[in-house]
Structures are given as C-alpha cells and as structure tokens.
Amino acid sequence: CDWSSDVCSSDLNAAKATTAEPRYVVQVGAFLEDAKVRETRSKLEKAGLKTYTQVVEAKDGKRTRVRLGPFGSKSEAESAAEKAKALQMQAIILSY
C-alpha cells in the first residue's frame, strides 16, 4: 500500500465481498498502545463516526488498527475520511 495516496487496495483477511462491488474502509491509525486506540476511537465516535479495530502482527509487536466503515461506496468513505482529517487525523481509504 502506498501511504502517500488517498486510495489503495488491501488484502484484508475478511475481504472477500459477496458481491462484485468493492467495499471501502478508512484507516485512521495503527497503534501499539491501547490508550491511544481508546483516545482515537473516542474522538471519532464523538464526531458521529462508527469505528472498529483490527489487531495485526507487525515487526515491532501487535498493532491495533482503528478503522471507519465499512462503506458501500467510495463517496461515503471519502466523506468519513474528510471528517477524520478535520479532527487532525490521518485517513487512508482502503478498498477490498
């Protein structure tokens, strides 16, 4: 994934959609510390955004991804990404 771009494909484990239409999620971070995960999710949810987490193995230990979605359209994902960016957060749109 090229983190400098706004959209990239992802090989999410749960990624096999049942339809031909792509689905989208917005990743706002991947954290080592649980406190940062809670802080990030709280800030996003107070802004009316639905969050979820995914724990993944990384070179430096387990990281918890904080994501928004899933969304059925790119425009919905873009709208959520803009809201996250307005909260001074990174927002990467992923499709699967």
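This structure is a prediction, so every number in the text was calculated from the model and none was measured.

Trainee: I would appreciate a short explanation of the overall build of the protein chain in the present structure.
Mentor: Per the secondary structure count, the protein chain includes two helices and five strands. When the helices and strands of the protein chain are listed from N to C terminus, the series reads β-β-α-β-β-α-β. When the 96 residues of the protein chain are sorted by exposure, 34% land in the buried category. When contacts within the protein chain are restricted to residue pairs at least 6 apart in sequence, those whose partners lie at least 24 apart make up 67%. Carbon and sulfur atoms provide 47% of the accessible area of the protein chain, an area that totals close to 6,100 Å².

Trainee: Would you explain the pattern of salt bridges in this entry?
Mentor: Oppositely charged side chains can pair when the atoms bearing their charge come close. Across all of its chains, the model carries three salt bridges by this definition. A salt bridge links Lys36 to Glu39; the shortest N-O distance between them is 3.6 Å. Of this pair, Lys36 and Glu39 both sit in helix H1 (residues 34-46), three residues apart, roughly one helical turn. Arg63 serves as the salt-bridge partner of Asp60, at 2.8 Å between the closest nitrogen and oxygen. Owing to a relative accessible area of 45%, Asp60 belongs among the partly exposed residues under this scheme.

Trainee: Looking at this structure, how should I read the confidence of the model for the protein chain?
Mentor: Fine structural detail should not be taken from predicted coordinates in areas where pLDDT scores are low. Per-residue confidence for the protein chain gives a mean pLDDT of 85, with 79% of residues at or over 70. Ranking the elements of the protein chain by mean pLDDT puts strand E1 (residues 7-9) last, at 42, and helix H2 (residues 74-86) first, at 98. For the stretch residues 1-17, pLDDT sits under 50, and the model shows 28 contacts to residues farther than four places along the chain or on other chains.

Trainee: Mind showing me how you'd approach the nonpolar core here?
Mentor: The biggest cluster of nonpolar side chains holds 17 residues, and the ones touching the most others in it are Val26, Val28, Leu44, Leu68, Phe71 and Ala84. Elements represented by at least two residues in this core include exactly strand E2 (24-31), H1, strand E4 (61-71) and H2. Apart from residues lying up to four places away in sequence, Phe71 is in contact with Arg23, Tyr24, Val25, Val26, Glu76, Ala77 and Ala80.

Trainee: Explain unusual backbone geometry here, please?
Mentor: Trans peptide bonds make up the majority, and among non-glycine residues the majority have a negative phi. Gly69 connects to Pro70 through a cis peptide bond whose omega is 5 degrees. If you trace the backbone, Pro70 turns up in strand E4. Here Gln88, not a glycine, exhibits a phi torsion of approximately 65 degrees, which is positive. Structurally, the position occupied by Gln88 is in the loop between H2 and strand E5 (92-95).

Trainee: Just to check I follow, could you spell out the environment of Val28 for this structure?
Mentor: Structurally, the position occupied by Val28 is in strand E2. Between the alpha carbons of Val28 and Leu68 there is a distance of 7.7 Å; along the sequence they are 40 residues apart. With sequence-adjacent residues up to four places away left out, Val28 is seen in contact with Thr40, Leu44, Val66, Leu68, Ala84 and Gln90.

The rules behind the values
Residues numbered from 1 in each chain as written. Predicted model: local features only at pLDDT ≥ 70, side-chain atom pairs only at ≥ 80, totals over all residues. Heavy atoms only, no water. Helix = DSSP H or I, 4+ residues; strand = E, 2+ residues; numbered from the N terminus. Buried < 20%, exposed > 50% of the residue type's maximum accessible area, 1.4 Å probe, protein only. Contact = heavy atoms within 4.5 Å. Areas by Shrake-Rupley, 256 points an atom, 1.4 Å probe, with all protein chains shown as cover. Salt bridge = Lys/Arg side-chain N within 4 Å of Asp/Glu carboxyl O. pLDDT = per-residue confidence, 0-100. Core = buried A, V, L, I, M, F, W, Y, C linked by side-chain atoms within 4.5 Å.

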